[in-house]
2 protein chains.
Amino acid sequence: MVAGTGRERAADADALVDAALAGDRRALARILTAVENRTPVAELALRRLYPLAGAAHLVGITGPPGAGKSTLVAALIGAAREAGRAVAVVAVDPSSPITGGALLGDRVRMQSYATDGDVFIRSMAARGHAGGLASTSTAAAAVLDAAGFDLILLETVGTGQSEVEVAAAADTTVVLEAPEMGDEVQAIKAGLLEVADIVVVNKGDRPGAQRTASQLRAMLVAVGRAGGGVRNGAGARSPTAAPETPPRPRPKEPEVLVTTATTGDGIPELLQSLDRHRARGHEAGDTPARLARAEAQVWAILADRLRAELHVPANRETTDATIRQVAAHELDPFAAADQLLAGIRLENPSRR
Amino acid sequence: MVAGTGRERAADADALVDAALAGDRRALARILTAVENRTPVAELALRRLYPLAGAAHLVGITGPPGAGKSTLVAALIGAAREAGRAVAVVAVDPSSPITGGALLGDRVRMQSYATDGDVFIRSMAARGHAGGLASTSTAAAAVLDAAGFDLILLETVGTGQSEVEVAAAADTTVVLEAPEMGDEVQAIKAGLLEVADIVVVNKGDRPGAQRTASQLRAMLVAVGRAGGGVRNGAGARSPTAAPETPPRPRPKEPEVLVTTATTGDGIPELLQSLDRHRARGHEAGDTPARLARAEAQVWAILADRLRAELHVPANRETTDATIRQVAAHELDPFAAADQLLAGIRLENPSRR
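Analysis parameters
- The numbers attached to residues start from 1 for each chain and follow its sequence in the written order.
- To read the labels, note that chains go from A and ligands from 1, taken in the order they are written.
- Given that the model is predicted, a residue must reach a pLDDT of at least 70 before its local features are reported, and side-chain atom pairs must reach 80 or more before they are shown or counted; all residues, however, enter totals for whole chains, interfaces and linings.
- Only hydrogens and water are set aside when side-chain values are computed; all heavy atoms of the structure are taken into account.
- A run of H or I in DSSP counts as a helix once it spans at least four residues, and a run of E counts as a strand once it spans at least two, with each numbered from the N terminus.
- Only protein chains enter the accessibility calculation, which uses a 1.4 Å probe; a residue whose area is less than 20% of its type maximum is buried, one above 50% is exposed, and one in between is partly exposed.
- Throughout, a contact is declared for two residues whenever any of their heavy atoms are within 4.5 Å.
- Using a 1.4 Å probe, accessible areas were evaluated by the Shrake-Rupley method; residue-level cover was limited to the displayed protein chains.
- Working definition: a ring pair exists when centres of Phe, Tyr or Trp rings (six-membered ring for Trp) sit within 6.5 Å. Plane angles under 30 degrees give stacked, over 60 give edge-to-face, the rest tilted.
- In our convention, an over-ring charge means Lys NZ or Arg CZ found within 6 Å of a ring centre and within 35 degrees of that ring's normal.
- When DSSP finds two or more bridges between two strands, those strands count as paired.
- Note on method: axes are straight lines fitted to C-alpha atoms, helices fitted across the in-contact stretch only, with angles between N-to-C directions ranging 0 to 180 degrees.
- Here is the rule for angles: anything less than 35 degrees is roughly parallel, anything more than 145 is roughly antiparallel, 65 through 115 is roughly perpendicular, and the remaining ranges are oblique.
- Each residue is assigned to one class: nonpolar for Ala, Val, Leu, Ile, Met, Phe, Trp, Tyr, Cys and Pro, charged for Asp, Glu, Lys and Arg, and polar for all the others, Gly among them.
- For a helix, the expected span equals 1.5 Å multiplied by the residue count minus one.

What about the overall build of chain A?
Alright, step 1. Regarding its fold elements, chain A presents 14 helices and seven strands.
Alright, step 2. Here chain A holds 352 residues, and 57% of them are scored as buried.
Alright, step 3. Residue pairs at least 24 apart in sequence account for 76% of intrachain contacts in chain A once pairs closer than 6 positions are excluded.
Alright, step 4. Summing over all exposed atoms, chain A offers an accessible surface of approximately 14,000 Å²; the carbon and sulfur share of this is 53%.

Right, dumping it as C-alpha cells:
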C-alpha cells in the first residue's frame, strides 16, 4: 500500500463520516456503497462509526415472496414516522418491489417519503461470497444506527439460508406469512419460524387469515413444548460457535399477529409488539442477537483478512498453483489448506 | 486430542471408506452423514476419497419452487440409467419432494429405484453457517464421485444465494423455469440465468412454454451482446477470488430446451445437451467450475481451521470477551479482529 494513497483514503473517509453525521444523506449513501463493495473507505468509516452505534432497534423482516413484505415495510415506516422515529430500510431482496420496482402501489407509497429526511431506503445486492451478506447488512445497519436512525428495518426474502441469516441477525426478527399459500411455501415456513420473534400473518383481509394465525400459534406451542430446539444457536444465530454448542432455548414463544398492510390494519399493534420484544431484550442485557451479530462481523473481517492474505502478490502464485492441484485431484483440499497455512502468516495489515 | 481416540477414528474412517468403495451403500451413507456434520471422520475419509474422485459429471439443477425440479431429476435418473450410468442425487432443497415428501407421484417414481444399487439419493440439510453449504455439497459430491457414480445431480432451490452457489459449483449448471410464472419469480430469474449453462423450460405441455423459451433465448442473446458480464467470476463462481477479478466472459450462450418431465418429453435431448456441455469443458482443460470448486473447498477448510482456533480452550475466553466488547460497541469489529489475530497462530492441528 502506498502511504499517500492510504492517507488520502483516510481523509476521504473522515470527510464522508463528518458529512454523514451532520445529516448529509449523499455522504451516508456513499459510505453504504463502500460498505457494500468492501472498500478500504468502508473499514475507515466503520472504525469511526461503530462506537457511535448501538442505540437503534434493528428489525429483520423476512418471509416468502408474495407475503407482502414490502407493503408491510411501507406501512411500518408510516407508523414509525407518526411516532416521531427516524426510519431506515435495508432491502436485501432481489424481488423486493421497494428496490426492484415491481408493484406500482408500493413505489408510490415509498415516494411519499422521498422528501422526508428521516426516512432512508437502501437496497443491498444479494451478491458476493456466501456469508458476506449478513456481515455487510449488519455493517450497513451500524452505519445507519450511528447516523441517528431509531428504527432500522432489514428486509430479506425468506427462501435462502443467507437471507434468513440476515434477518435473524436483527434484535427482533419478524417472519411474514400470507394465508393460504401453497404446499411448497409451507415447507419453507417451518425453517423460517425457527428464527421468528414475531410472526405476522399479512393479507388479513383474505379468507383464512385468522385460521392461518391459529394454526401457527398451535404449531409454535407444540414446537416450544418439544424442548426448545426451535432456535438453533449453532445455526443461523451464532456463526462462529463450535458445532457442539447446544441449541439455545427460545426465551418466549413468538407472538402471532394478523395485519393487512395495504389498509394499515394491525400495523400499530405490530409496532407495539416490536417495542415489547425490544424491552424484553434490554431487560436481558446483551441479547443473544447482539452477540451473534458481533461475532458475525468479527468473523467476516477475520475471513476477509485470511482471504486477502492468500491473494497478496507474494502468496498469489502459490495459492493458484495449490488450487489447480486440488482441481486436478492431485492434492486433497485438506492437505492443500495445510500447505497454504504453513506458508502464510496472518497479521494486522497496518503492522506490515 | 487423546491419541487413542484419534487412532480409533482413523480406523473407523478407513473401514468405512473400504466398505463404501466395495459398494456398501450404508457405509457410503455414513460417510456422507459425517461430511454433512463436519466430523473428524469426514476429513479422514475425504483425504482418502478425494484423489479417487474427478471422473463424474457434476450437474447442478436449480430453479424457483414449482418449476418441477424434482420431477426433472426423477426423469433424468431414468434416462441416465437407460444409458447404463450410475446416478447419485444430492438434494439441497428444503421444499424438495424427493426428500421432503410433498408430491406423491415423485415419491413413487423415486421408489422404483429403491432396489437399484446404481441410484443413490441423498438430502443435505440447508443449515449451518452460510458458505458451508456449497463446500459440504461439493465434498459430498466428491465422495459419491469416488464411490463410482458417473452422474451426480445437485438439486437446489434457486431462491437464495447459497443455494444458487451450490448449483453453480457444478461442471454444468441447469436452470429450470416454468412457463407463465408470476412477476416476483421473473425477478429472481434474472439472477439465476447468470449461472446457467443450460436453461430448461419445464412443463412444456402448458400453454406459453415455447413462447417462454423464445423470450429466454432473446434475453440471453441480448445479455451476451451486452458484453460478457453475465457470469460474474468474482461472485458465485469464485469464492476466494479478490474483488478486483474481472467478470469472466461466458464461453457460449446457454442452450434453452423445453421439457415435460412428467411425460419424459425432451429428457433425452437434455441428457445429450449435458454431454455436449461436458465435452466442451473437457476440451477447455481445467474448467473454471472445477477451479472454483477446488477454491471453495480449500477456503472452507481454511475458514474451519480459523474458526476452530478461535474456540480452542486456550482462546475461547479471549474470543468471547472480545465479542462481548464488540456487542457493547466498546470495540469496533476491525480492532477486535486485529486483537484476535495478534493472539492466535494458525497451524496444522496435526502439528500441535
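A look at unusual backbone geometry
Phi is mostly negative for residues that are not glycine, and the peptide bonds are mostly trans.
All names here are of chain A.
Alright, step 1. With a phi angle near 60°, histidine 329 is a residue other than glycine that sits in the positive phi range.
Alright, step 2. Turning to its location among the elements, histidine 329 is positioned in the loop between helix H13 (313-327) and helix H14 (333-343).
Alright, step 3. For histidine 329, a relative accessible area of 14% puts it in the buried group.

With respect to the side chain of arginine 305 of chain A
Alright, step 1. Relative to the helices and strands, arginine 305 of chain A is located in helix H12 (residues 288-311).
Alright, step 2. Relative accessible area serves as the criterion here: at 12%, arginine 305 of chain A is assigned to the buried category.

Observations concerning the packing of aromatic side chains
Alright, step 1. Evaluation of the coordinates by the stated rule reveals two aromatic pairs over all chains.
Alright, step 2. Where phenylalanine 120 of chain A meets phenylalanine 149 of chain A, the ring centres are 6.1 Å apart and the plane angle is 45°; that geometry is what we call tilted. Remark: phenylalanine 149 of chain A occurs in the loop between helix H7 (132-146) and strand S4 (151-157) and phenylalanine 120 of chain A occurs in strand S3 (residues 119-123); sequence separation between them is 29 residues. Of the two residues, phenylalanine 120 of chain A and phenylalanine 149 of chain A, both sit in the buried class.
Alright, step 3. A cation over a ring is seen here: arginine 307 of chain A above tryptophan 299 of chain B, with NZ or CZ 4.1 Å from the ring centre.

What to know about the pairing of strand S2 (residues 87-92) of chain A
Residues and elements named next belong to chain A.
Alright, step 1. For S2, a buried count of six out of six residues is recorded, marking the element as mostly surrounded by other parts of the structure.
Alright, step 2. Pairing between S2 and S3: five bridges, direction parallel. Looking at S3, one finds that alanine 91 is bridged to serine 123.
Alright, step 3. Looking at chain direction, S2 and S4 are connected through six bridges and run parallel. Among the inter-strand pairings, valine 92 is bridged to a residue of S4, identified as threonine 156.

Thoughts on the sheet that holds strand S4 (residues 151-157) of chain B
Residue and element names in this part refer to chain B.
Alright, step 1. The seven strands lie next to each other as S3-S2-S4-S1-S5-S6-S7, forming an open sheet whose pairing is parallel. Each end of this open sheet is capped by a strand with a single partner; those strands are strand S3 (119-123) and strand S7 (255-258). Shown here is a sheet whose adjacent strand axes are inclined to one another by a mean of 20°, direction ignored.
Alright, step 2. Sheet topology places strand S5 (residues 172-177) next to strand S6 (residues 198-201); four bridges connect them, and they run parallel. The residue bridging glutamate 177 from the neighbouring strand is valine 201, located in S6.
Alright, step 3. Of the strands in this sheet, strand S1 (57-63), strand S2 (87-92), S3, S4, S5 and S6 touch helix H4 (residues 69-82), which is tilted by about 175° from S4.

Overview of the environment of alanine 303 of chain B
Alright, step 1. When you line up the elements, alanine 303 of chain B lands in helix H12 (residues 288-311).
Alright, step 2. Put simply, alanine 303 of chain B and alanine 222 of chain B are 81 residues apart on the chain and 39 Å apart in space, counted from C-alpha to C-alpha.
Alright, step 3. Among residues more than four places away in sequence, those in contact with alanine 303 of chain B are Trp299 and Leu306 of chain A.

So, the packing of helix H13 (residues 313-327) of chain B against helix H14 (residues 333-343) of chain B
Residue and element names in this part refer to chain B.
Alright, step 1. Interhelical geometry of H13 versus H14 gives an angle of 170° and a closest axis separation of 10 Å. Judged by the angle between their axes, H13 and H14 are roughly antiparallel. Counted together, Asn315, Thr318, Thr319, Thr322 and Val326 of H13 and Pro333, Ala336, Gln339, Leu340 and Gly343 of H14 form the full contact between these two elements.
Alright, step 2. Taken together, the residues of the contact of H13 with H14 sort by class into four nonpolar, six polar and no charged.

Description of H12 of chain B
Alright, step 1. Compared with an ideal rise of 1.5 Å per residue, which puts 24 residues at 34 Å, H12 of chain B spans 34 Å between its outermost C-alpha atoms and is within 8% of the ideal.
Alright, step 2. Where burial is concerned, most of H12 of chain B is hidden: 20 out of the 24 residues are buried.

What about the sheet that holds S3 of chain A?
Picture the strands of a sheet paired through backbone hydrogen bonds; they go either parallel or antiparallel.
All names here are of chain A.
Alright, step 1. Taken together, the seven strands give an open sheet; going across it, the order is S3-S2-S4-S1-S5-S6-S7, and neighbouring strands pair in parallel fashion. Here the strands that pair on one side only, and so sit at the sheet edges, are S3 and strand S7 (255-258). Ignoring which end each strand starts from, the neighbouring axes of this sheet average 20° apart.
Alright, step 2. Direction of pairing for strand S6 (residues 198-201) relative to S7: parallel, over a ladder of four bridges. Paired with valine 200 across the bridge in S7 is leucine 257.

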